[in-house]
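# Understanding the architecture of this molecule
These are the residues of each chain, in order.
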Amino acid sequence: MDRVCEESPAGDSSSEEEDLDSTKAAPRIRDTPEDIVLEAPASGLAFHPTRDLLAAGDVDGDVFVFSYSCQEGETKELWSSGHHLKSCRAVIFSEDGQSEYWGRQPAMCAPINSLLLVDENVLVTGDDTGGIRLWDQRKEGPLMDMRQHEEYIADMALDPAKKLLLTASGDGCLGVFNIKRRRFELLSEPQSGDLTSVTLMKYGKKVACGSSEGTIYLFNWNGFGATSDRFALRAESIDCMVPVTENLLCTGSTDGIIRAVNILPNRVVGTVGQHAGEPVEALALSHCGHFLASSGHDQRLKFWNMTQLRTVVVDDYRRRKKKGGPLRALSSKAWSTDDFFAGLREDGEDAKAPEEVLKESDDDSD
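The model shown is predicted, which means the values in this text are computed figures rather than measured ones.

### Re the overall build of the protein chain
The number of helices and strands found in the protein chain is 2 helices and 26 strands. Within the span of the protein chain, comprising 366 residues, buried residues form 52% of the whole. Intrachain contacts of the protein chain at a sequence separation of at least 6 include 48% that bridge at least 24 residues. Just so you have it, the protein chain exposes about 17200 Å², and 47% of that area is on carbon and sulfur atoms.

### Let's talk about the side chain of Arg-259
Summarising the element assignment, Arg-259 is placed in strand S22 (residues 257-262). Here the side chain of Arg-259 touches Arg-234 through a polar contact of 2.4 Å, landing on its backbone oxygen. Non-local contacts of Arg-259, meaning those with residues more than four positions away in its chain, are made with Leu-233, Arg-234, Ala-235, Leu-249, Cys-250, Thr-251, Ser-253, Val-268, Gly-270 and Leu-327.

### A few points about the UniProt feature "repeat: WD" (unreviewed entry) in the protein chain
Taken from the UniProt record, the annotation "repeat: WD" (unreviewed entry) applies to residues 280-314. For residues 280-314, the end-to-end C-alpha separation is 25 Å, with 0% helix and 51% strand making up the annotated structure.

### Here's the deal with the sheet that holds strand S18 (residues 215-220)
Across the sheet, which stays open at both edges, the 4 strands sit in the order S16-S17-S18-S19 with antiparallel pairing between neighbours. Looking at the sheet topology across the chains shown, the edges are occupied by strand S16 (195-201) and strand S19 (229-232). Pairwise comparison of adjacent strand axes, ignoring direction, gives a mean angle of 20° for this sheet. Taken together, the 4 bridges between S18 and S19 define a ladder with antiparallel strand orientation.

### Thoughts on the nonpolar core
In this structure, Cys-250, Ile-258, Val-272, Leu-283, Leu-292, Met-306 and Leu-309 are the most contacted members of the largest nonpolar core, which totals 18 residues. Elements represented by at least two residues in this core include exactly strand S20 (240-243), strand S21 (248-252), S22, strand S23 (267-274) and strand S24 (280-285). Here Val-272 is in contact with Cys-250, Ile-258, Ala-260, Leu-292, Trp-304, Met-306, Leu-309, Ser-331 and Ala-334, once residues within four sequence places are set aside. Residues Leu-38, Leu-54, Tyr-68 and Ala-284 belong to the second largest nonpolar core, which totals 17 residues.

Calculation rules
Residues numbered from 1 in each chain as written. Predicted model: local features only at pLDDT ≥ 70, side-chain atom pairs only at ≥ 80, totals over all residues. Heavy atoms only, no water. Helix = DSSP H or I, 4+ residues; strand = E, 2+ residues; numbered from the N terminus. Buried < 20%, exposed > 50% of the residue type's maximum accessible area, 1.4 Å probe, protein only. Contact = heavy atoms within 4.5 Å. Areas by Shrake-Rupley, 256 points an atom, 1.4 Å probe, with all protein chains shown as cover. Polar contact = N/O pair within 3.5 Å; in protein donor to acceptor, adjacent residues only side chain to side chain. UniProt positions renumbered as here; feature names shortened; annotations may be inferred. Pairing = 2+ DSSP bridges. Axes fitted to C-alpha atoms, helices over the stretch in contact; angles between N-to-C directions. Core = buried A, V, L, I, M, F, W, Y, C linked by side-chain atoms within 4.5 Å.

Here's what the structure looks like:
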């Protein structure tokens, strides 16, 4: 190419060089935004409700806001809070996206472990000692202060009417609180491990809870006293969980694998992504539903494409499979579990997405 340019007339040479420069300058469009590298693991993640922004709070107490894009080089830090002495374990945006909240240890209170927005003025906090507090920013002190749980509050969820608050606790119990009437309703029977996450599924008919023993516990709505179903994943734990559709959710585990799980029928569909050899700390789904963000102990924020997963349909037919077989990869950057620890692929390398959309899964719980 250099020789051809040298032999061409001066004007043509200049024109070709300009064409080459413009070609080199053309940004690469990726399947997902680039990884974001932090100085400490992030324990809180939240997407903006309408814009392509991601907020992260890390264990050193820093809070960051990033703009993200599939155009290479366009994912950038927009704002940071500066270093604090206390870790930031939860971050959320307001419903209109104009405000951002994060959980740190308030004066004279236990450290906040979970944070949930009720409306533009009211939010709920769950702390390390099992305390549940309801706050109105327009008033002094909490509107509700309850302590029915004996251990930390790992996660919280609200029903669509924003009447009932569901809490997952380290004491193994699902808690139910009526925040409209500001009263405690009940605790479920304790499970054998910590409850680490909680979310509504099946259009609010089911409540799913992840646990430290790698089991998903299911409760019927208005049947919170005892589980209606449970199934174990091939995972060391379920440290975080986020719904993708009314039937599918993603779980993050201590083994570093992000699994896609179908609820009723209960199946592990495959792997969405991974933080190789490092625990997954938090998951969040973008406002458009196209991207899942994950944070791990490798101090990286990663993005995973959800386009294929959102089309997955799992029916009741269960084919025979080899027990303990590898899980299939469901995104362009995901590894199947048979090559997860092999280290044969670059973690950030974009691979070709599977050509066929998965219609059913061969993998279910052990």
